[in-house]
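# Fold and geometry: a report
Chain by chain, the residues:
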Amino acid sequence: MDEPAWADEDAGPIVRPYALTGGRTRDDLGGRLDLLDLVETTGEEPERKADLGPEHLRIRRLTAEPLSVAEVAADLDLPLDVVRVLLGDLLRHGLVRLRKPASVSRLTDARLLKEVIDGLSAL
Amino acid sequence: MDSQPYSHDPVAIKIMIAGGFGVGKTTMVGAVSEIKPLRTEAALTEKSEGVDDTGHVRGKTTTTVAMDFGRITMREGLSIYLFGTPGQDRFWFMWDELAHGALGAVVLADTRRLAECFASIDYFEGRGLPFIVAVNCFDGARRHSTEAIRTALDLDPRVPIVLCDARSRESAKEALITLVGHVLDGVGSRA
């Protein structure tokens, strides 16, 4: 006999990682957090009312030196979108800052690309 | 948002390592950098628009996509980020995020299953993103000339093809250097 469903389709998706975000699946940054944006902890101390969880604090420790959003997610072993929500919280409270790195695309300058080739050759 | 001006903006170079499932993408990323798995939760019903058979995920509408992720630090403020694309077709939506702002892609191909890289090539051609094809020469894989492979892939003559061993650091470096050189040629031809 089938087990009775304890939650059906109407309950919506049940995804455990989002328990860390209070069920929020989107950051409130309007999707502006790129994979390669660099996150860096500010010197601000969190206020009690900021209501931070252990994951928030881990992000703060990880980003004492600037680290890309992708690396924060990989190091925390949490899904990217969960990390985006947590970063949104930290940004809102002024506890981290973002730096958008210059992304190198096809239109970039030749000098930089040559530097990359030299750098790769020297690895 | 709090963003301070910096005198030397860091530069991030994003390179995608693409190709069919099991073709050696993980191996190649790991050959040149530390490798970390990067997870993302995907809402299948929203993103895949009915092309998926989601029967095997027991009616749930989300799944986890894992990608391989590596970083090579060239110097302070200049890093290369490598992203192994998710291999399965149902994760195409993730490619758009990865391709955004990317310098280019290495498409890994296995001559025993050449058709597996067609979709990657179509994707990069369609987006106009520079790419090269790196043919992973597994032990025992039949060697083909790069010209035979070019014909089989119906590849533009300007797209470089290299033979590589994804396990080898030197070989993976050479593939990346070939890609950056290819991008550089494009910069030159527009000047």
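Conventions we followed
- For every chain, the first residue of the written sequence is number 1, and numbering continues from 1 onward in sequence order.
- Chains carry letters and ligands carry numbers; both start at the beginning, A for chains and 1 for ligands, and go up in the order they are written.
- Per-residue local features of the predicted model are confined to residues with pLDDT of at least 70, and side-chain atom pairs are confined, for both listing and counting, to 80 or more; whole-chain, interface and lining totals are unaffected and use all residues.
- The basis for every side-chain value is the complete set of heavy atoms in the structure, and neither hydrogens nor water enter the calculation.
- Each residue is assigned to one of three classes by its accessible area relative to the maximum for its type, calculated with a 1.4 Å probe on protein chains only: buried under 20%, partly exposed between the two thresholds, exposed over 50%.
- Counting from the N terminus, the helices are the DSSP runs of H or I reaching at least four residues and the strands are the DSSP runs of E reaching at least two.
- Two strands qualify as a pair provided that DSSP identifies no fewer than 2 bridges between them.
- Every axis corresponds to a line fitted to the C-alpha atoms, with the helix fit spanning only the stretch in contact, and the corresponding angles, defined between N-to-C directions, vary from 0 to 180 degrees.
- With respect to orientation, any angle under 35 degrees is reported as roughly parallel, any angle over 145 as roughly antiparallel, any angle of 65 to 115 as roughly perpendicular, and every other angle as oblique.
- Whether a crossing is left-handed or right-handed is set by the direction in which the near helix is turned from the far one by less than a right angle, anticlockwise for left-handed and clockwise for right-handed.
- Any two residues whose heavy atoms approach within 4.5 Å are treated as being in contact.
- Here the term charged refers only to Asp, Glu, Lys and Arg, the term nonpolar to Ala, Val, Leu, Ile, Met, Phe, Trp, Tyr, Cys and Pro, and the term polar to all other amino acids, Gly among them.
- Stacked, tilted and edge-to-face are the three classes assigned to paired rings of Phe, Tyr and Trp, where Trp is represented by its six-membered ring and a pair needs centres within 6.5 Å; plane angles under 30 degrees give stacked, over 60 edge-to-face, the rest tilted.
- Charge-over-ring placement is defined geometrically: NZ (Lys) or CZ (Arg) within 6 Å of the ring centre, and within 35 degrees of the ring normal.
- Confidence of the predictor at the level of single residues is captured by pLDDT, which takes values from 0 to 100.
- Side-chain atoms alone can form a polar contact between residues adjacent in sequence; in general such a contact is a pair of N or O atoms within 3.5 Å, and within protein one must be able to donate a hydrogen while the other accepts it.
- Think of a nonpolar core as a cluster: buried Ala, Val, Leu, Ile, Met, Phe, Trp, Tyr and Cys residues, connected wherever their side-chain atoms sit within 4.5 Å.

Residues and elements named next belong to chain B. A large share of strand 6 (residues 131–136) lies buried, amounting to six of its six residues. Where burial is concerned, the two faces of strand 6 agree: the one with F131, V133 and V135 and the one with I132, A134 and N136 are both buried. Pairing of strand 6 with strand 7 (residues 161–164) involves four bridges; the strand directions are parallel. Paired with V135 across the bridge in strand 7 is L163.

Attention shifts here to the packing of helix 3 (residues 92–99) of chain B against helix 4 (residues 118–127) of chain B. Residue and element names in this part refer to chain B. The N-to-C vectors of helix 3 and helix 4 enclose an angle of 45 degrees; their axes lie 12 Å apart at closest approach. Judged by the inter-axis angle, helix 3 sits oblique to helix 4. In this structure, helix 3 crosses over helix 4, and the sense of that crossing is right-handed. Here helix 3 contributes W92, W95, D96 and A99 to the contact with helix 4, which in turn contributes A119, S120, Y123, F124 and R127. Its residues assigned to classes, the contact of helix 3 with helix 4 shows six nonpolar, one polar and two charged.

Attention now moves to the packing of aromatic side chains. Residue and element names in this part refer to chain B. All told, the structure shown has six aromatic pairs over all chains when counted by the stated rule. One aromatic cluster is present, formed by W95, Y123, F124 and F131 through successive ring pairs. In this structure, K14 is placed above the aromatic ring of F83, and the distance from its NZ or CZ to the ring centre is 5.9 Å.

With that settled, consider the confidence of the model for chain A. For chain A, the average pLDDT comes to 81, and 74% of its residues sit at 70 or higher. Within chain A, no element has a lower average pLDDT than strand 4 (residues 102–103) of chain A, which sits at 77, and none a higher one than strand 1 (residues 38–41) of chain A, at 95.

Right, let's talk about the sheet that holds strand 2 (residues 67–68) of chain A for a bit. Residues and elements named next belong to chain A. The three strands are arranged 2-1-3 in an open sheet whose pairing can be described as antiparallel. Strands at the two margins of the open sheet, each flanked by one partner only, are strand 2 and strand 3 (96–99). Inspection of the sheet shows strand 1 paired to strand 3 by four bridges, in the antiparallel sense. By the bridge assignment for strand 3, V39 is matched with L98.

Right, let's get into the environment of A74(A). On the secondary structure map, A74(A) appears in helix 2 (residues 69–76). Of the residues examined, A74(A) reaches a relative accessible area of 9% and is grouped as buried. With residues near it in sequence (within four places) discarded, A74(A) still touches K36(B), P37(B), L38(B) and F69(B).

Glancing now at the side chain of S33(B). Residue and element names in this part refer to chain B. Here S33 shows up in the loop between helix 1 (25–32) and strand 2 (34–43). Within the local environment of S33, its side chain forms a polar contact with the backbone oxygen of V29, the two atoms lying 3.0 Å apart. Those residues in contact with S33 that sit more than four places away from it in its chain are G70, R71, I72 and L82.

In this section: helix 2 of chain A. Residues and elements named next belong to chain A. Burial runs high along helix 2: seven of the eight residues are buried. Every buried residue of helix 2 is listed here: V69, A70, E71, V72, A73, A74 and L76. Note on helix 2: the residue one or two positions beyond its end, D77, has a positive phi of about 55 degrees.

What follows concerns the nonpolar core. M16(B), L38(B), F83(B), F124(B), F131(B) and V133(B) are the most contacted members of the largest nonpolar core, which has 54 residues in total. For this core, the element with the most residues is helix 3 (residues 80–92) of chain A, which contributes seven residues. Beyond its immediate chain neighbours, meaning those up to four positions away, M16(B) contacts F83(B), T85(B), W95(B), L98(B), A99(B), A102(B), G104(B), A105(B), V106(B), F124(B) and L129(B). In terms of nonpolar packing, the next biggest core, distinct from the first, is built from 35 residues, I17(B), V32(B), V162(B) and L179(B) among them.

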